Structures are given as structure tokens and as C-alpha cells.
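Structure at a glance
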Amino acid sequence: DRDARGGALRMTATAPPLPPPPPPSAAPSLRARIRHRMPANALARNTAWMLMGNGSRFFLQAASFVIITRVLGTAGYGAFAGVLALVSLAVPFVGLGAGNIMIKNTARDPRAFAASYRTALAVTVATGVAFCVGALAAARFVLPASVPRMLVVSVALSDLLFAGFFDVSWKAYQAFNRLRRVAQLHLVLSALKLGAALAFAALAPKPTPASWGVLYAICTLASTGLALWLAYREVYALATDGPVPPFSPVEGFYFSTSLAAQNVYNDLDKTMLARMSTLEATGIYAASYRVVEMAYLPIRSLFFAAYADFFQHGAKGVRATLRFGRGLMPVAMGYAVVAVVGIFLAAPLLPLLSGAGYAEAVAAARWLALIPLLRVTHHFAADILSGAGHQGRRMLMQLVVAVANVGFNLWLIPMYGWKGAAWASLLSDGVLGILMWWTVWAVLRAEEAR
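Reference entry: report on the structure contained in this document.

Parameters at a glance
Position numbers for residues count from 1 along each chain, tracking the sequence in the order it is written. Since the coordinates come from a predicted model, pLDDT governs what is reported: local features require at least 70, and pairs of side-chain atoms require 80 or more to be given and counted, while whole-chain, interface and lining totals use all residues. By convention in this description, side-chain values take in all heavy atoms of the structure and omit both hydrogens and water. Working definition: helices are DSSP H or I runs of at least four residues, strands are E runs of at least two. Numbering for both runs from the N terminus. To estimate the expected span of a helix, count its residues, drop one, and scale the result by 1.5 Å. Note on bend: at a given residue it equals the angle between the axes fitted to the 7 residues ending there and to the 7 starting there. A simple rule labels every residue: compare its accessible area, found with a 1.4 Å probe on the protein chains alone, to the largest value its type can have, and call it buried under 20%, exposed over 50%, or partly exposed in between. Whether two residues are in contact is decided by their heavy atoms, any of which lying within 4.5 Å being enough. Structural elements are reduced to axes, namely lines fitted to C-alpha atoms, with helices fitted over the stretch in contact, and the angle between N-to-C directions of any two is expressed from 0 to 180 degrees. The cut-offs work like this: below 35 degrees is roughly parallel, past 145 is roughly antiparallel, 65 to 115 is roughly perpendicular, and the gaps in between are oblique. Should the near helix be turned anticlockwise from the far one by less than a right angle, the crossing is termed left-handed; should it be turned clockwise, right-handed. The nonpolar class holds Ala, Val, Leu, Ile, Met, Phe, Trp, Tyr, Cys and Pro. Asp, Glu, Lys and Arg form the charged class, and all remaining residues, Gly among them, are polar. Whenever Lys or Arg places a side-chain nitrogen within 4 Å of a carboxyl oxygen from Asp or Glu, that contact is recorded as a salt bridge.

**As for helix 5 (residues 149–174)**
Between its first and last C-alpha, helix 5 extends 36 Å over 26 residues, near the 38 Å set by a 1.5 Å rise per residue. Ala163 marks the point of greatest bend in helix 5, at about 40°. Here helix 5 lies mainly inside the structure; 21 of its 26 residues are buried.

Structure, rendered in C-alpha cells:
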């Protein structure tokens, strides 16, 4: 069973009659050393770890961004950002959701971890290599000829292959609710990239996008090597093989497509705003949206900490995940209300921090202030569905909203600029909440009927 107290692995006692003790040389199985049910205070501790890790990563990434944009200049950073945007389209499909399936299988039966982990690594190899080749081929037609080939190779290897193994490694810890190590691994990656950016700015005689791409890939490779070694030594080496469901590419596709749809309705509005309005409006909206993302960080950390437990309770059906989610909802909803008020009151600080050019961002932040509250509602329903094995229904609702978000932006941005993008975001999150909870209700009714 699993013990998340302090993230430590420890033996637990069982009720009599006791089984015969193992030989002195035999290592206890992972199931015997990790308690399956997390203590209540461990959820708060794991949430705190993820909040600290995510907050620190945000500032480290912001510092790296400032350094690299200054060193490469607009054209150089534009080339790097263009390659990054192209590669990011395939990122949700690397691994084909095998890491999430590993978390689900392990949360329900820890004996399933070893086989699920091996499957996740194998699927990551196959899909990562395939998408790297695809990205290199697509770059010839999508990107300008001035973009260095080495830059494309470096970023593709970093974000499609190395990062795929990195994700499987930290998800091995998430499967057992050892989120302290998850936060540490992500901090290592962000710190390495910041250190590389500082060295690049100070030591590179002639900084180029291609040379930064190589450093970027080396940082990801080093972090991935550490993560794989730790996951093998601290988790996989203690695991014992047991019964495990076969890998389902269809279920994996559901997880991957959900993430891709989420990226669309969270991020595509900024690209469309830049295309159909002005760069000034895009900057105002993006800065305000960043404030909302920061305000939502504690809630995202809570959902991350509880992710495996939704699968554990979901083995008994959607009513069990709903009961578990209801226990967390008052805390999340209460914080979301505080976040809405905080964004509204703190919005006037934006021009003081970012400059007088962001004066209009005060109004933009206040327009977007309701998003944390709307996200809490649909995030709970989405994880309730995933935990109970209805990832396909969740994916379908997210795809509907992703398409609707594009339509809202096409309709509203030309008429209202950033205000149109804000309305599109509010409408999308509101519609997603309604659809998700309607789906939970429909599944619950079907369960009760059976």
C-alpha cells in the first residue's frame, strides 16, 4: 500500500493472521511499502509542494525568457519561438497518453506499475521518434528557409523525445502521490535552462538561435537522465509485476486529444488576436491573462496533487469520484472567490510593474477576473469523469469547446479587439463548465439505472 507522508517508502502492518515473513534477502514489494490511501494532511502537503514548485518554475522561466529575448534579438528569438510553436503542436500526442494510463492503473492497483511504466517508455520511444521526423519534414514547408536546420533538430529532440521520457519519469512519482520529487525534478529543469541562458549571454562570442537550441536540448537531456535514473532507483526497482490491463491506444488518444484541445481554448486566442487585431492589444491581453494564470496556480496545484486519487476512487464509479471531489470543492471554490476579488483589486498594479504602456491592462485583468472561478467548476467535473474512466466523454466536451472558442474569437475579436478575446474566453470556460457537469449528471444517471 501507499504512504505519502513525507514522500517516504515505509512498511505497513496488516491485520492478523500475518503472512509468513519474506526471506532476509528479499526486498519488500512496492505494494507492501507504499500505503494505498493518502492521509488527509498529505494532500495539503503535496499541494504545497506543487505550489512552491510551480511558482518557482514560473519565475525561473520568466528570467530565462528575458535573458534569451535580449541576447537573440527580435529576429533570433522569432526563429526560436517559431520552431517552438511548430513542435508544441505535437507535444500532447507524444506518449499517446501512456503516462496518464500508468497513473490510472497504479492508483487502482500498485502491482500494475512496473508493466505500465515499461509500456509508457516504449510508446514514448515510438511516438517521439515519429513526431521528430514529422517535425523536421513539416519545418521545410512551414518555416522560412532562414531558420537554421540545427535549431529545428535541437528543439524537436528536446521537446518531443527527451521531454517525453522526462514526463514518464515524473508521472511515475505522481502515480504514488510523491509530489515532492515531482516539484524537485521540474525545478531542476527550469534552473538548468536559466543557468544555460546566463552562460549563453555571458560566454557565447556570437549568439545564434542554433547554438541556443543546442544548449536548450542539452538542458532537457540532462534533466531527463536524472529523472530516469531516480525513477528507476526509487520507484521501478521496488516494484513487482502483477496483472495489468493491456495498453489501449484509443484511451491514450483520448488523453492526448484532451490536452491538445485544452491548449487550443487556453492559448489560441492570443495568436488570433495578434493576427486579427494589433500587437499592442495582444500584449495587453497576454499580460492580463498571465495575472489570471498566476492567480489560478494554487488551484492547479491542488488538482495535480489529487489527480491519482480521482483514479483510485473512480474504480468504484462516477459517484465515488463525485463524493471525493465534493470534499475538495469548498476549499477550491473559496479560494477562487478570493482570487476573483484579488485580481479585481490588484489590477491597478500592472502598469506600475510593467510600464505605462500597459495602462489598459487594468481593465483587461478585471474582465478576465472571473476565469479562476469558471475553471474550478469545469476542472472538477473533468477530473471526476477521467477518474471514473470516462476520458472519452471529457475529450469530446473539450473538443466541442475548442471549436466553439475559435468561432467566438473569429466573431468577437474583429469587432472588439482584446475585449472580444476576453468575452470568448469567458464564454468558453462557462460553456465547458455546463457541458462537463451535464455529462457527469448523465453518466451518474446511467450508472444508477444499471
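Read on for the rest.
**What to know about the side chain of Gln174**
Here Gln174 lies in helix 5. Beyond its immediate sequence surroundings of up to four residues, Gln174 is in contact with Ile103, Leu179, Val182, Phe304, Tyr307 and Ala308.

**Thoughts on the packing of helix 14 (residues 391–416) against helix 15 (residues 418–449)**
It is the contact of helix 14 with helix 15, at a shortest axis distance of 8 Å, that shows an interaxial angle of 160°. It follows from the interaxial angle that helix 14 and helix 15 lie roughly antiparallel. With respect to the hand of their crossing, helix 14 and helix 15 are arranged in right-handed fashion. Classifying every residue of the contact of helix 14 with helix 15 by side-chain character gives 17 nonpolar, six polar and three charged.

**Thoughts on unusual backbone geometry**
The backbone of Leu96 shows a phi angle near 50°, a positive value even though the residue is not glycine. Along the chain, the position of Leu96 falls in the loop between helix 2 (40–88) and helix 3 (98–108). Non-glycine residue Asn177 carries a positive phi angle of around 60°. As for its placement among the helices and strands, Asn177 is situated in the loop between helix 5 and helix 6 (179–203). With a relative accessible area of 1%, Asn177 lands in the buried category.

**Comments concerning the pattern of salt bridges**
Tallying each qualifying case throughout the model produces eight salt bridges. Between Glu293 and Arg300 there is a salt bridge, with its nearest N and O atoms 2.9 Å apart. In this structure Arg300 comes out as partly exposed when scored by relative accessible area, which is 30%. A salt bridge links Glu448 to Arg319; the nearest nitrogen and oxygen atoms lie 2.1 Å apart. Linking Glu448 in helix 15 with Arg319 in helix 10 (residues 318–346), this pair joins segments that are 129 residues apart in sequence. One network of salt bridges, with partners in common, ties together Arg181, Arg233 and Glu234.

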